[in-house]
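Take a look at the letters that make up each chain.
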Amino acid sequence: MKNYILAIIFVAITSIPLIAQTEVTPNNFFEKKAVNLQVTTSNISLGFKAISNFKLSTELDVGIASFNEDFIYNDYVIDLKVFYSIRKKEKTNLYAGSILGFEFINDPTFNLTSPFIGAIAGYEYYFGKKKRSGISIELGYIYGKKQYSKSYTANWGTVEYIGTFKNSPLFLGLGYSYYF
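As the structure is a computational prediction, the values presented were derived from the model and not from experiment.

Reading the values: the criteria
- Residues numbered from 1 in each chain as written.
- Predicted model: local features only at pLDDT ≥ 70, side-chain atom pairs only at ≥ 80, totals over all residues.
- Heavy atoms only, no water.
- Helix = DSSP H or I, 4+ residues; strand = E, 2+ residues; numbered from the N terminus.
- Buried < 20%, exposed > 50% of the residue type's maximum accessible area, 1.4 Å probe, protein only.
- Contact = heavy atoms within 4.5 Å.
- Areas by Shrake-Rupley, 256 points an atom, 1.4 Å probe, with all protein chains shown as cover.
- Polar contact = N/O pair within 3.5 Å; in protein donor to acceptor, adjacent residues only side chain to side chain.
- Salt bridge = Lys/Arg side-chain N within 4 Å of Asp/Glu carboxyl O.
- Pairing = 2+ DSSP bridges.
- Axes fitted to C-alpha atoms, helices over the stretch in contact; angles between N-to-C directions.
- Core = buried A, V, L, I, M, F, W, Y, C linked by side-chain atoms within 4.5 Å.
- Phe/Tyr/Trp six-rings, centres within 6.5 Å; stacked < 30°, edge-to-face > 60°.
- Lys NZ or Arg CZ within 6 Å of the ring centre and 35° of its normal.

(A) Region of interest: the overall build of the chain. Scanning the chain for helices and strands turns up 1 helix and 10 strands. Overall, the chain shows an N-to-C arrangement of helices and strands of α-β-β-β-β-β-β-β-β-β-β. Across the 180 residues of the chain, 38% fall into the buried class. Here the contacts in the chain between residues at least 6 apart in sequence split such that 51% fall between residues at least 24 apart. In the form shown here, the chain has an accessible surface area of approximately 11100 Å², with 65% of it arising from carbon and sulfur atoms.

(B) Focus on the environment of asparagine 36. With respect to the secondary-structure elements, asparagine 36 resides in strand S1 (residues 30-40). Separated by 98 residues in sequence, asparagine 36 and glycine 134 place their C-alpha atoms 9.0 Å apart. In this view, asparagine 36 contacts Ser45, Leu46, Gly47, Phe48, Lys49, Glu59, Asp61, Tyr176 and Ser177; residues no more than four positions away in its chain are not counted. A distance of 2.8 Å separates the side chain of asparagine 36 from the side chain of glutamate 59, its partner in a polar contact.

(C) Quick peek at the pattern of salt bridges. Within the structure shown, the criterion is met by 6 salt bridges. We note a salt bridge from lysine 81 to aspartate 61, for which the minimum N-O separation is 3.4 Å. Remark: aspartate 61 occurs in strand S3 (residues 56-65) and lysine 81 occurs in strand S4 (residues 75-88); sequence separation between them is 20 residues. With a relative accessible area of 1%, aspartate 61 lands in the buried category. Of the charged contacts, one joins glutamate 138 and lysine 81 as a salt bridge, the two residues approaching to 3.1 Å between their closest N and O atoms. Residue glutamate 138 is found in strand S7 (residues 133-143), and its partner lysine 81 is found in strand S4; the two are separated by 57 residues along the sequence. Residue classification places glutamate 138 among the buried positions, given a relative accessible area of 1%. The class of lysine 81 is buried, set by a relative accessible area of 0%. Among the ionic contacts, a cluster of salt bridges with common partners joins Glu59, Asp61, Lys81 and Glu138.

(D) Representation of the sheet that holds S3 within the structure. Strand order around the closed barrel formed by 8 strands is S1-S2-S3-S4-S5-S6-S7-S10, with antiparallel pairing between neighbours. The average angle at which neighbouring strand axes cross in this sheet is 25°, direction not considered. For S1 and strand S10 (residues 170-179), the ladder comprises 7 bridges, and the chain directions are antiparallel. Residue pairing in the sheet places threonine 40 in a bridge with glycine 173 of S10.

(E) Up close: the nonpolar core. Core analysis: the largest hydrophobic core is formed by 15 residues, its most contacted members being Phe67, Ile99, Leu112 and Phe165. Going through the elements one at a time, S4, strand S5 (92-106) and strand S6 (111-127) are the ones with two or more residues in this core. When residues no more than four places from it in sequence are discounted, the contact partners of isoleucine 99 are Asp79, Leu80, Lys81, Phe116, Ile117, Gly118, Ala119, Ile120, Ile142 and Phe171.

(F) The arrangement of the pairing of S10 in detail. Residue alternation in S10 divides its side chains into a buried set, Phe171, Gly173, Gly175, Ser177 and Tyr179, and an unburied set, Leu170, Leu172, Leu174, Tyr176 and Tyr178. In this structure, S7 lies alongside S10, joined through 9 bridges in antiparallel fashion. Within S10, the residue paired with serine 136 across the bridge is glycine 175.

(G) Inspection of the packing of aromatic side chains at higher detail. Per the counting criterion, the structure on display carries 4 aromatic pairs. The ring of tyrosine 126 carries the charged tip of lysine 32 above its face, separated from the ring centre by 3.6 Å. Positioned over the ring face of tyrosine 179 is lysine 32, at 5.0 Å from the centre of the ring.

Right, here's the structure in full:
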């Protein structure tokens, strides 16, 4: 939990000088807003993306996932990504940032909510006459694990199993965004 708090404090502190440099009005804060569909190594998510004039962007995603080895999409995920544009041009955007979220794992024998945090880098290419569409690829490292326990009762006694759920550390995502 300390890692999540430190990540939020770090993002807040590093964005203060960027926000203070420009006069902000409600009409010029967001340069672009988008709805995006993303397919990653473990989930399919639909999200909302907002890119500010300060080289910062955020993305909130909600999706279905398959975290167990059964490859059935019966789990859920919600995450928040905060990015900084490293190199932004008219048709391209190279960015890096952090991701944090929660996974809701459903198994026949237990239900588990697992937090995660990570670092992501990505590249997005805008196309179309008005550059309202974008295709992105993201690569990152995710860290998260949670201990859980299961207990079984039989006529001869009770058995308790303590296990650890670990995230797959590789994050690879392909996405499509429509900007409005």
